[in-house]
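# Residue-level structural notes
Below are the chains, spelled out letter by letter.
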Amino acid sequence: LRGDKIGLIGPNGAGKTTLLKLILGEIEPDSGRIQRGANLQVAYFDQMRAALDPDATLEDFISPGSEWIEIGARRQHVKSYLGNFLFSPARAASPVRSLSGGERNRLLLARLFARPANVLVLDEPTNDLDIDTLELLEELLQTYEGTVFLVSHDRTFLDNVVTSTLAWDGPGQWREYAGGVQDWLAQSARWQALRETAPPRPTAPSADKNGSDAPPVQREQLSKRKLSYKDQRELDQLPARIEALEAEQADLRARLADGTLYQTDLPQAVALQARDSAIEDELMSALERWETLSQ
């Protein structure tokens, strides 16, 4: 959505660039469909590197043929704008070839944020940036009103900028997490631990109030400590609840899988996506509760 800052995390070769190209419509999927917003204006930081003309002056590179630059509804002199990126007015007439590697990246950032784009794509933008420029970039991205896709191995930088993270979760699998890298690490570790260490999920208990027909695993857990009536009742109901949530999630994912619903009833498809996310949260809560009560 507009205003989201999305970090992409995955090993080399995981498909980060391919995923971005699919999202932005540069390539089409082998199967399924992608629903994109209208009027996307995309600016790529990495593609601008090839546009650097070593003989051009800094001000001509930023605003060819004009001393003024339009940024949204604001008009600013190009020398003043370059000053925002730590270039003095005297440097504005210098040729690009006179810049260091870090200064060239800073100039590319100035050009990037001067473009009339509503989606920014930055692939490893922090390479060769000094501390001052890095802090400037963080501030610019945090206040940017459009959407940002950010690929970086700088985990601190990602934590300071992104609002959510798309993380590689195995071949062809990506999962979105709220927050930055540390949030992703905590959430993924927590979810994995719950899946792996939660006691085996029993079947729904029998009607026998003494529990003599309960599965062995459940009888073993019940023997460990005495639960209140309320807690015992909740524990007895959790297996059926978890099973129902998993079945509901499998059903709605099957309905969304072929993409037809997006064409015939987009509001319903969006609602099902939202419900899928809610089920994931409910499953985690149920597993946590099952782990607590069965100890």
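Everything in this summary refers to the structure shown in the same document. (Residues numbered from 1 in each chain as written. Predicted model: local features only at pLDDT ≥ 70, side-chain atom pairs only at ≥ 80, totals over all residues. Heavy atoms only, no water.)

## Notes on the packing of helix α10 (residues 229-257) against helix α12 (residues 266-293)
Taken N-terminus to C-terminus, the directions of α10 and α12 make an angle of 155°; their axes are 9 Å apart at the nearest point. Relative to α12, α10 is oriented roughly antiparallel. Read as a crossing pair, α10 and α12 show a hand that is left-handed. Within the contact of α10 with α12, the residues separate by chemical class into 14 nonpolar, three polar and 12 charged. (Axes fitted to C-alpha atoms, helices over the stretch in contact; angles between N-to-C directions. Helix = DSSP H or I, 4+ residues; strand = E, 2+ residues; numbered from the N terminus. Parallel < 35°, antiparallel > 145°, perpendicular 65-115°, else oblique. Left-handed = near helix turned anticlockwise from the far one by under 90°. Nonpolar A, V, L, I, M, F, W, Y, C, P; charged D, E, K, R; others polar.)

## Quick look at the pattern of salt bridges
Per the counting criterion, the structure on display carries 14 salt bridges. For the salt bridge of R289 with E234, the shortest nitrogen-to-oxygen distance reads 2.9 Å. Here R289 is found in helix α12, whereas its partner E234 is found in helix α10, with 55 residues between them in sequence. Of the charged contacts, one joins R253 and D276 as a salt bridge, the two residues approaching to 3.0 Å between their closest N and O atoms. Here R253, found in helix α10, pairs with D276, found in helix α12; they are 23 residues apart in sequence, far enough to count as distant. Judged by relative accessible area, which is 17%, D276 ranks as buried. (Salt bridge = Lys/Arg side-chain N within 4 Å of Asp/Glu carboxyl O. Buried < 20%, exposed > 50% of the residue type's maximum accessible area, 1.4 Å probe, protein only.)

## Here we look at the sheet that holds strand β8 (residues 174-178)
Taken in spatial order, the six strands make up an open sheet running β2-β5-β6-β1-β7-β8, and their pairing is mixed. Edge positions in the open sheet fall to β2 (42-44) and β8, since each of these has one partner strand only. In this sheet, neighbouring strand axes are inclined to one another by 20° on average, regardless of whether the strands run parallel or antiparallel. Contacts from helix α5 (residues 101-114) reach β2 and β5 (119-123) within the one sheet, and its direction differs from that of β5 by about 160°. (Pairing = 2+ DSSP bridges. Contact = heavy atoms within 4.5 Å.)

## What to know about the packing of aromatic side chains
The geometry of an aromatic ring pair is captured by two quantities: the separation of the ring centres and the angle between the planes. Applying the stated criterion across every chain, the model contains two aromatic pairs. With a centroid separation of 5.1 Å and 55° between ring planes, the pair formed by Y81 and F85 is classed as tilted. There is no split in this pair, since Y81 and F85 are both buried. Measuring from centroid to centroid gives 6.1 Å for F113 and Y144, while their planes differ by 85°, and the two rings are edge-to-face. Note that F113 is positioned in helix α5 and Y144 in the loop between α6 (131-143) and β6 (147-151), a separation of 31 residues in sequence. Classification of F113 as buried rests on a relative accessible area of 12%. Its end group placed over the ring of F87, R106 keeps NZ or CZ at 4.9 Å from the ring centre. (Phe/Tyr/Trp six-rings, centres within 6.5 Å; stacked < 30°, edge-to-face > 60°. Lys NZ or Arg CZ within 6 Å of the ring centre and 35° of its normal.)

## Quick word on the pairing of β5
With four of its five residues buried, β5 lies for the most part within the structure. Pairing geometry for β2 and β5, over three bridges, is parallel. Bridge assignment links A43 to a residue of β5, and that residue is L120. Each parallel crossover has a hand, and for β5 linked through α6 to β6 it is right-handed. (Right-handed = clockwise from strand over helix to strand, strands pointing away.)

## A closer look at the pairing of β8
Where strand β7 (residues 164-168) lies against β8, five bridges are found, and the strand directions are antiparallel. Across the sheet, the residue bridging to L166 is E176, located in β8.

## Some words on the packing of α5 against α6
Any two packed helices are characterised by the angle at which their axes cross and by the distance between the axes. Where α5 meets α6, the closest approach of the two axes is 11 Å, and the angle between their N-to-C directions is 15°. What the angle tells us is that α5 and α6 run roughly parallel. For the pair α5 and α6, the crossing hand works out as left-handed. Contacts between α5 and α6 involve R106, L109 and F113 on the former and, on the latter, T133, L137, L140 and L141. Looking at the contact of α5 with α6 residue by residue, the class counts come to five nonpolar, one polar and one charged.

## Description of α12
The terminal C-alpha atoms of α12, which comprises 28 residues, lie 40 Å apart, in line with the 40 Å expected from a rise of 1.5 Å per residue. Within α12, the full set of buried residues consists of A269, L272, D276, I279, E280, L283, M284, A286, L287, W290 and L293. (Expected span 1.5 Å × (residues − 1).)

The analysis is restricted to geometry; functional conclusions fall outside its scope.
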